[in-house]
Amino acid sequence: LAQASSAFVMAQVAEYRAAAVAAYKQGNFEVAVEKFTVALDASDAQAAPNEVGCLFSSRCQSFLKLGKIANAAQDSQEAMRLCPDDAKVLFRAATCASLQGRYDDAVAVLERGHVVAPKDNAIRQALNSARRRRAERALGAYDWSAVYEHYLKPGERGPLPDVADFVGPVTIRTCGQHGRGLVLTSPVRAGELLLACRAFVHGGREELPRLVAVRLECGTPLDRARFQTLCEDHDPTLAPPDIALFGSGSVHADGDSQVCETRVQKVIQLNSFALANVNPHSAPLEVSSDTARSGLFLLPSFLNHSCMPTVHRVIVGDVMFVRATRDLEQGCELTDTYCEILQPLENRSKALQGFGITSCDCARCKLEAAVLHPEDAEKIHEHAATGLLATQGLENAMQRVEQLVIGRIMEVDKALVEAGWLPDSLIAAPRFEALRARLTRVEPAEEKLFAIQDRCADVLSSAFGTLFRAHARAQQGKGAASLSSFERAEAVISSVLPNSELHAGLCAQHAGAKVLAMTYAMDHAQRDVERCLLVAHRVYSGGWRVWKMVNQHMFGADVIEEGKKIWKAIAKKLGPLLPPSPNLPELLPMAAVDKKSSGPGFMGLLKAAGAASAAASHDATSVDVEGEARKLKRDVEPTRAQVSEVESALGRELYSSQSVVALPHSVVVGDERVELSVTFPEVVQNAGDVVVEGGCKSIRFQWCSGEFCCSLDLPDAVDVDSGSARFRRKTRQLVLSLPFARHS
């Protein structure tokens, strides 16, 4: 009775399992989870551990399809406990660990899987990927060429695949009246990578609330805990969240999946970033904000605003890379900009009100409020607006900006002196104007004073940054005037947005204008190309290779090649002063896959077997046709192609019986020919996996592993030499069309 009861239970489990696999193949993953759960509940204590482990592994795969990573991870752990040496179980457990950001665990599991299945390329590839992600998470070691290949792909609007988050020397602290903010824990150099964060959600602006709700419901407790750090009301006494919450995926946290809809809307309103629109065909590279698409990036949302930001961000797909704009000391607060900062103070203040910021207390705003009156700025912008269609009018506007800025700097304000913006004594206005125009040389005694006044002038001029850019574009191609206008625009922009994409674009235009003006004499333009390379590296990383990708339409092939030599000299001279570039991890090579035998395929085997059968009939001797076919099969047996782990996720489980399984088939007999059709399971991916044996009166189809077969008796003798065969990959159906033999 006990044996009968156990057999009945196992039969029920097999039935539920088959139903679950069928639902999975039809894309009904919810149903598949239910059926696998019923099968697990029905399994008794006498069930073999490996069979129960396969059920957990299969349900894990169904959970993955539903995006329920936490549930999938729990099942993968149970499956790994029961089947510690099953390559597929290990593969899925590593997939769950990677999706949760536990790359150390993923590498450890896949290394064990590589020992179990050393020739499995799917495991090798996954192990290489996990090692890359681990290096990215720990060191910020990204394959920048691959990142910007995605960035520069025409029409690309999808997410950046296979990239891990990175948190550099950053922590979260209370920053005075700004509330919580990001602060450096060690000094960094200009261009050093500080953060790499994938969007919590991204898509159309109207879709973000729904996407957040789905992510909170289906995500991990860690996802929910991270999101809730943005939902906390501003409270000076509230301790800032631990930065570890956004770092290693091994941190355990609890979070409520239900968040007030109003609060979600507020979080999105205050913390969403517009995604990037990139025109890779423009020269220089043209990047703008996509007004229709946004992303919610959690950790970068802690960046407070400044009109002289200390970081710059580049958004590639759905990943934000944040770098330092200048050399920064330990304890420095990291700030971003919430508005268009190449505008006068009054315009910036109005834009910031939408974020609840009544005033910005950065040094630039204090300087501008003290010496630059809003009425003056408005008049210059009005004058420039009427002169945009006429180059002369724009030129006059630039002259008025220069005169205004120099005049205002001469009006020394005590507050500016006390703040260190200006010294007690200044270079007289006529002399300072001549020095800025490079009409005379700076004397050694004037160098410090001139540097301070010059920087103040550039910072004040940045209120008209858009006009300087327009003026430079208008002067393009006009020789010395073009070089001068680009130099002024670059100086103004870099005073508030150094080492940004905008700065890099102006450097490229300036270098291009210099190369053109000097009739491609690189000796005269080398310094400009060197600066262009250095700024691009601080903006994008990747050195010459990425600079080449970004500026492929800006410079000719000769300048690009010369840039390679210049970059080598830069790296040699400034190596320790450049942003660090961690080495990429060593990767496993893919295992060699045996190529298909150059001998006859299954039709060749069939024809050979048919010829042997005909010869035997002619000689009236008894010949073992099947034996001869097996001999031919041994001589030129096709090798089984490597089957993708993901594509054959459940196929082997459904059909992995110890006994030979009969295959679904059909026979259609016509007047002149017979058509045979056999459907193989999912593990059969191409014709090389199938062996056909037989002769004129019978045919046998078999998978090369021997687990599945189908033997068919033919209604009459056929002519195999005149037959045809085709294998339909989509349905895994092998079809033979054979004419009947003609009888003399």
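Just above, that's the structure.
All of these numbers come straight from a predicted model, not from anything done at the bench.

So, how was this worked out
Numbers given for residues are sequential positions, taken from 1 along each chain in its written order. In keeping with the predicted nature of the model, local features appear solely for residues at pLDDT of at least 70, side-chain atom pairs appear and are counted solely at 80 or more, and the whole-chain, interface and lining totals rest on all residues. No hydrogens and no water enter the side-chain calculation; it runs on all heavy atoms of the structure. By definition, any uninterrupted DSSP run of H or I lasting at least four residues is a helix, any uninterrupted run of E lasting at least two residues is a strand, and each is numbered from the N terminus. The rule is simple: take the accessible area with a 1.4 Å probe, protein chains only, and divide by the maximum for that residue type; under 20% is buried, over 50% is exposed, in between is partly exposed. Note on contacts: a residue pair qualifies if any of its non-hydrogen atoms lie within 4.5 Å across the two residues. Shrake-Rupley sampling with a 1.4 Å probe provides the accessible areas, and residues are treated as covered by the protein chains on show and by no other component. Working rule for helices: expected span equals 1.5 Å times residues minus one. For two strands to pair, DSSP has to find at least two bridges joining them. The definition of a nonpolar core used throughout is a set of buried Ala, Val, Leu, Ile, Met, Phe, Trp, Tyr and Cys residues joined through side-chain atoms within 4.5 Å. Under this scheme, a helix contributes an axis fitted over its contacting stretch, all axes are lines through C-alpha atoms, and angles between N-to-C directions fall in the 0 to 180 degree range. Basic side-chain nitrogens of Lys or Arg form a salt bridge, by our definition, when they fall within 4 Å of a carboxyl oxygen of Asp or Glu. Working definition: a ring pair exists when centres of Phe, Tyr or Trp rings (six-membered ring for Trp) sit within 6.5 Å. Plane angles under 30 degrees give stacked, over 60 give edge-to-face, the rest tilted. By definition, being over a ring means that NZ of Lys or CZ of Arg is both within 6 Å of the ring centre and within 35 degrees of the ring normal. Any angle from 65 to 115 degrees is called roughly perpendicular, while one under 35 is roughly parallel, one over 145 is roughly antiparallel, and all others are oblique. Crossings are assigned a handedness: left-handed for a near helix turned anticlockwise from the far helix by less than a right angle, right-handed for a clockwise turn. Residues are sorted three ways: Asp, Glu, Lys and Arg are charged, Ala, Val, Leu, Ile, Met, Phe, Trp, Tyr, Cys and Pro are nonpolar, and all the rest, Gly among them, are polar.

**Student:** Please give an account of the overall build of the chain that cites residues and values.
**Tutor:** Counting secondary structure elements, the chain contains 27 helices and 19 strands. Looking at the chain as a whole, 49% of its 744 residues qualify as buried. Within the chain, contacts between residues separated by at least 24 positions form 66% of all contacts whose residues are at least 6 apart in sequence. Looking at the chain as shown, the accessible area adds up to about 36000 Å², and 50% of this sits on carbon and sulfur atoms.

**Student:** Please provide a residue-by-residue account of the environment of V52, values included.
**Tutor:** Among the structural elements, V52 can be located in helix 3 (residues 49-66). Among residues more than four places away in sequence, those in contact with V52 are L40, S43, A47 and L82.

**Student:** Outline helix 4 (residues 69-82), supporting the account with residue identities and numerical values.
**Tutor:** Taking 1.5 Å of rise per residue, the 14 residues of helix 4 would be expected to cover 20 Å, and the 20 Å separating its terminal C-alpha atoms lies within 8% of that figure. Elements in contact with the buried residues of helix 4: helix 3, helix 5 (87-99), helix 6 (103-116) and helix 9 (208-218).

**Student:** So what about the pairing of strand 3 (residues 180-184)? Which residues, and what values?
**Tutor:** Of all five residues in strand 3, five are buried; the element is thus mostly enclosed. Of the two faces of strand 3, both are covered, the one formed by R180, L182 and L184 as well as the one formed by G181 and V183. Bridge count between strand 2 (residues 170-174) and strand 3: five bridges; the pairing is antiparallel. Within strand 3, the residue paired with T174 across the bridge is R180. Hairpin connection of strand 2 to strand 3: five residues between the antiparallel strands, including G176 at a positive phi of 60°.

**Student:** So what about the nonpolar core? Which residues, and what values?
**Tutor:** The biggest cluster of nonpolar side chains holds 43 residues, and the ones touching the most others in it are Y148, F321, Y540, W547 and F555. Broken down by secondary-structure element, the contributors of at least two residues to this core are helix 8 (144-151), strand 4 (193-198), strand 9 (311-316), strand 10 (319-324), helix 21 (501-517), helix 22 (522-540), helix 23 (543-550) and helix 24 (557-574). Sorting elements by how many residues they give to this core places helix 22 first, with nine residues. For Y540, the residues in contact, after removing those within four places along its chain, are W144, Y148, Y151, L285, R323, E501, V546 and V550. Listed in part, the 42 residues of the second largest apolar core include C365, L367, A489 and A513.

**Student:** Any chance you could break down the sheet that holds strand 6 (residues 272-279) for me, citing the residues and the numbers?
**Tutor:** Strand order in the open sheet formed by three strands is 5-7-6, with antiparallel pairing between adjacent strands. The sheet terminates laterally at strand 5 (201-204) and strand 6, the two strands that pair on one side only. Sheet twist, expressed as the average angle between the axes of neighbouring strands with direction ignored, equals 55°. Looking at chain direction, strand 6 and strand 7 (residues 286-296) are connected through seven bridges and run antiparallel. By the bridge assignment for strand 7, A276 is matched with S289.

**Student:** Can you lay out the pattern of salt bridges for me, pointing to particular residues and giving the numbers?
**Tutor:** Applying the stated criterion across every chain yields a total of 21 salt bridges. Of the charged contacts, one joins R531 and D528 as a salt bridge, the two residues approaching to 3.4 Å between their closest N and O atoms. In this pair, R531 and D528 are both assigned in helix 22, three residues apart and thus about one turn of the helix distant. Taking the relative accessible area as the measure of exposure, R531 reaches 26% and is therefore partly exposed.

**Student:** Please provide a residue-by-residue account of unusual backbone geometry, values included.
**Tutor:** A cis geometry characterises the amide bond from A283 onward to P284, with omega recorded as 0°. Following the sequence through the fold, P284 ends up in the loop between strand 6 and strand 7. The phi torsion at R438 lies on the positive side, around 60°, for a residue other than glycine. As for its placement among the helices and strands, R438 is situated in the loop between helix 17 (429-436) and helix 18 (447-461). The class of R438 is exposed, set by a relative accessible area of 64%.

**Student:** Residue-level account of the packing of aromatic side chains, with values.
**Tutor:** Under the criterion given, the structure shown has 13 aromatic pairs. A centroid spacing of 5.5 Å and a plane angle of 85° characterise the contact between Y142 and F321, whose relative ring orientation is edge-to-face. Placement of the pair is Y142 in the loop between helix 7 (121-139) and helix 8 and F321 in strand 10, with a sequence separation of 179 residues. Under the relative-accessibility criterion, Y142 is labelled buried at 4%. Ring plane angle 75° and centroid distance 5.6 Å describe the contact between Y148 and Y151, whose orientation is recorded as edge-to-face. Taken together, the residues span about one helical turn, with Y148 and Y151 both in helix 8 at a distance of three residues. Three or more aromatic residues joined by ring pairs form one cluster here, namely Y142, W144, Y148, Y151, F321 and Y540. The ring of F200 carries the charged tip of R215 above its face, separated from the ring centre by 4.6 Å. Between the NZ or CZ atom of R323 and the centre of the ring of W144, over which it lies, the distance is 4.7 Å.

**Student:** Requested: an account of the sheet that holds strand 8 (residues 304-305), with residues and values cited.
**Tutor:** Ordered by their spatial adjacency, four strands build an open sheet running 2-3-11-8, and the pairing between neighbours is mixed. Strands at the two margins of the open sheet, each flanked by one partner only, are strand 2 and strand 8. Sheet topology note: the strand 8/strand 11 (residues 333-336) ladder contains two bridges and is parallel. Across the sheet, the residue bridging to N304 is T335, located in strand 11.

**Student:** Before we move on, can you summarise the environment of V405 with the specific residues and values?
**Tutor:** Here V405 lies in helix 15 (residues 391-410). V405 gets classed as buried once you look at its relative accessible area, which sits at 2%. Sequence separation between V405 and D458 is 53 residues, and the spatial gap between their C-alpha atoms is 8.6 Å. Not counting residues up to four positions away in its chain, the partners in contact with V405 are A457, L460 and S461.

**Student:** I'd like a description of the packing of helix 23 against helix 24, backed by residues and values.
**Tutor:** When two helices pack together, their arrangement is given by the angle between their axes and by how far apart the axes lie. Orientation of helix 23 relative to helix 24, taken along the N-to-C sense of each, is 155°, at an axis distance of 9 Å. Between helix 23 and helix 24, the angle is such that the two are roughly antiparallel. Like other packed secondary-structure pairs, helix 23 and helix 24 cross with a definite hand, here right-handed. Every residue of helix 24 that contacts helix 23 at G543, W544, W547 and K548 is listed here: V559, I560, E561, G563, K564 and W567. For the contact of helix 23 with helix 24, the class distribution of residues is five nonpolar, two polar and three charged.

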